[in-house]
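Next come the chains, spelled out residue by residue.
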Amino acid sequence: MTVRLRAHHLLCLLTYFGKGYSPAFTANYDKVVKRLGDGEAVLIVSGPDDICTPMLVEPEPHCLGEGAAERDGLAARDVGALLGRSVRAGDRLVLDASSLAPMRKAFSAGLTRQACSGCEWSDLCSAVALSGFQDTRL
């Protein structure tokens, strides 16, 4: 099996420590993180992914908005440049220690944060990065 992820969630995963939009969202996110931690590969998708699923029942889910798609494009560009590979819909990758360490280092340095502009979680993610990614779940 593979975990379907939109590109900007590659950044969100770096700082996830159990906070989210709702209890259902957080429970689902925990399941996704466990799958990734168990070694499941990632399939990059365009639009809503496995993390978005609980949000899609809302009347106007932000997962379908233009802002989320713009964040995906910026994250794909920056993470792809960092990893030296393509990050676009249909690409597969594994999030393991050898990929997460440079992603976290670049995130802390602000090199991959353009996609975070305007995100309501940006300040919290900055604090997590400043803490050395303490208590993150992946």
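No experiment lies behind these values; they were computed from the predicted model shown. (Residues numbered from 1 in each chain as written. Predicted model: local features only at pLDDT ≥ 70, side-chain atom pairs only at ≥ 80, totals over all residues. Heavy atoms only, no water.)

Q: Is there a simple way to think about the sheet that holds strand S1 (residues 2–6) in this case?
A: Hydrogen bonds between backbone atoms are what pair the strands of a sheet, whose relative direction is either parallel or antiparallel. Sheet architecture is open: three strands sit in the order S1-S2-S3, paired in mixed fashion. The two strands at the open ends of the sheet, each matched to only one other strand, are S1 and strand S3 (92–93). Note that strand S2 (residues 41–45) and S3 share two bridges and pair antiparallel. Within the sheet, the bridge partner assigned to Leu 43 lies in S3 and is Arg 92. Packed on one face of the sheet, helix H2 (residues 23–37) meets S1 and S2 and runs near 120° to S1. (Pairing = 2+ DSSP bridges. Helix = DSSP H or I, 4+ residues; strand = E, 2+ residues; numbered from the N terminus. Contact = heavy atoms within 4.5 Å. Axes fitted to C-alpha atoms, helices over the stretch in contact; angles between N-to-C directions.)

Q: Please explain helix H5 (residues 122–130) as it appears in this structure.
A: Quick reminder: α-helices carry 3.6 residues per turn. Residues three or four places apart thus point the same way. Along H5, the residues that are buried comprise Ser 122, Cys 125, Val 128 and Ala 129. For H5, the buried positions fall inside an angular range of 120° around the axis, keeping them on one side. Away from its buried face, by an angle of more than 90 degrees, H5 presents the exposed residues Asp 123 and Leu 130. Among the structural elements, helix H1 (9–15) and helix H4 (97–108) are those in contact with the buried residues of H5. (Buried < 20%, exposed > 50% of the residue type's maximum accessible area, 1.4 Å probe, protein only. Arc of directions from axis to C-beta.)

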